[in-house]
Amino acid sequence: MEVTRDRAWATLTRHTTSESLLRHAMAVEASVRWYARAAGEDEEFWGCTALLHDFDYEIHPTLDRHPQEGAPLLREEGYPEELVEAVLSHAEHLGLPRDTPLKRTLFACDELSGFVHACGLVRPTGLEGLTPKSVRKKLRQPSFAAGVHREEVAAGAELIGLTLDEHITNVIAALQPIAPQLGLPATGGGATG
C-alpha cells in the first residue's frame, strides 16, 4: 500500500479525537519531516510515521497497552512493517533498538516537539523569538509541561548526533510553518539565537 498523509490522517482521526493529541501528532510530524528533508530521506513516509506514532494513545492510554496494542491495527490497515516498527520503537518502555535513521529521529522529535509547542503556548509571540536558551530554562522547571520526559529530550538529541541547542533550533524551525494549526500565532521566519 502507498503511505500517504491523507491515509495516515484518516487513520489518526479515526482513533483520536483529542485536539491536544492531534496537535502533538502534527508537531512531531513537522519535526520529523524537517529532518527527513535535511537528510534527503523520504519525507512523506517519515512524516506519516510520525503522524501515526501516538494514533492509539486515546484508546490505549497506558504503557502496558500503548503502542504495542496499536501495532496490530496498523498492520490490519496495511501499513508497512517499517512504519509499524518505527512506531513501536518510539516507546522507551519497550526497549526496542532504534537502528534506523527514522527510528532515531522519531524518538528524538517526540518529546522535544511537545515541549517546544508547550513553550510557544505560554508566550504571547508563540514560537517567534523562542531561543534554545529559553527552552532549556523551561526544561529545568519540573512543573512546566510535567508530562514531558526530560531525559528523553536529552537522549534524543544525542541519538541523532546533535547538541541539545542544535536540536531545539531545528524543532523550532520545523514548527514555525504550522504554528496556526498548533494554536499558536503565525511566525515570520526562522528561530533566533
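Residues numbered from 1 in each chain as written. Predicted model: local features only at pLDDT ≥ 70, side-chain atom pairs only at ≥ 80, totals over all residues. Heavy atoms only, no water.

Describe the overall build of the protein chain, listing the residues and the values that go with them.
In terms of helices and strands, the protein chain carries 9 helices and 0 strands. Listed N to C, the secondary structure of the protein chain is α-α-α-α-α-α-α-α-α in terms of helices and strands. Against the compact-globule benchmark of 16 Å for 193 residues, the protein chain has a radius of gyration of 16 Å, which places it among compact chains. Here the protein chain, with 193 residues, has 48% of them falling under the buried criterion. Of the contacts made within the protein chain by residues no fewer than 6 positions apart, 63% connect residues no fewer than 24 positions apart. For the protein chain, the computed accessible surface area is about 8600 Å², with 54% contributed by carbon and sulfur atoms. (Helix = DSSP H or I, 4+ residues; strand = E, 2+ residues; numbered from the N terminus. Rg over C-alpha atoms; globule rule 2.2 N^0.38 Å. Buried < 20%, exposed > 50% of the residue type's maximum accessible area, 1.4 Å probe, protein only. Contact = heavy atoms within 4.5 Å. Areas by Shrake-Rupley, 256 points an atom, 1.4 Å probe, with all protein chains shown as cover.)

Any details on the packing of aromatic side chains? Residues and values, ideally.
Considering all chains together, one arrives at 2 aromatic pairs under this definition. For the ring pair Trp34 and Tyr35, a centre distance of 5.1 Å and an interplane angle of 80° mean the geometry is edge-to-face. Its relative accessible area of 11% is what places Tyr35 among the buried residues. Ring centres of Phe115 and Phe144 lie 5.4 Å apart, and the angle between their planes is 85°; this geometry places the pair in the edge-to-face category. Residue Phe115 is found in helix H6 (residues 101-121), and its partner Phe144 is found in the loop between helix H7 (132-139) and helix H8 (150-159); the two are separated by 29 residues along the sequence. Each member of the pair Phe115 and Phe144 is classed as buried. Over the face of the ring belonging to Phe107 we find Arg98, whose NZ or CZ atom lies 3.6 Å from the ring centre. The residue whose ring lies beneath Lys138 is Phe144, and the NZ or CZ to ring-centre distance is 4.6 Å. (Phe/Tyr/Trp six-rings, centres within 6.5 Å; stacked < 30°, edge-to-face > 60°. Lys NZ or Arg CZ within 6 Å of the ring centre and 35° of its normal.)

Go over the packing of helix H2 (residues 19-39) against helix H3 (residues 43-52) with me, naming the residues and quoting the values.
It is at 8 Å that the axes of H2 and H3 come closest, and there the two elements cross at 155°. Comparing the axis directions of H2 and H3 gives the class roughly antiparallel. As H2 packs across H3, the resulting crossing turns out to be right-handed. Residue-level contacts link Ala25, Met26, Val28, Glu29, Val32, Arg33, Tyr35, Ala36 and Arg37 of H2 to Glu43, Glu44, Trp46, Gly47, Ala50 and Leu51 of H3. Across the contact of H2 with H3, the residue classes tally to 9 nonpolar, 1 polar and 5 charged. (Axes fitted to C-alpha atoms, helices over the stretch in contact; angles between N-to-C directions. Parallel < 35°, antiparallel > 145°, perpendicular 65-115°, else oblique. Left-handed = near helix turned anticlockwise from the far one by under 90°. Nonpolar A, V, L, I, M, F, W, Y, C, P; charged D, E, K, R; others polar.)

Mind laying out unusual backbone geometry, listing which residues take part and the relevant values?
Along the chain, His66 connects to Pro67 via a cis peptide bond; the corresponding omega equals -5°. By secondary structure assignment, the location of Pro67 is in the loop between H3 and helix H4 (71-76). Although it is not a glycine, Ala145 sits at a positive phi angle of roughly 45°. Summarising the element assignment, Ala145 is placed in the loop between H7 and H8. Taking the relative accessible area as the measure of exposure, Ala145 reaches 23% and is therefore partly exposed.

An account of helix H1 (residues 5-15) is requested, with residue identities and associated values reported.
Every buried residue of H1 is listed here: Ala8, Thr11, Leu12 and His15. The buried residues of H1 occupy an angular sector of 95° when the element is viewed end-on, so they sit on one face. Residues of H1 that are exposed and point over 90 degrees away from its buried face: Asp6 and Arg14. Residues of H1 that are buried sit in contact with H2, H3 and H4. (Arc of directions from axis to C-beta.)

Account for helix H9 (residues 164-175), with residues named and values stated.
With 12 residues, H9 should reach 16 Å at 1.5 Å per residue; the first-to-last C-alpha distance of 16 Å fits that figure. Buried within H9 are the following residues: His167, Ile168, Asn170, Val171, Ile172, Ala174 and Leu175. Check the buried side of H9 and you find it contacts H2, H6, H7 and H8. (Expected span 1.5 Å × (residues − 1).)

Keep in mind these values describe shape, not function.
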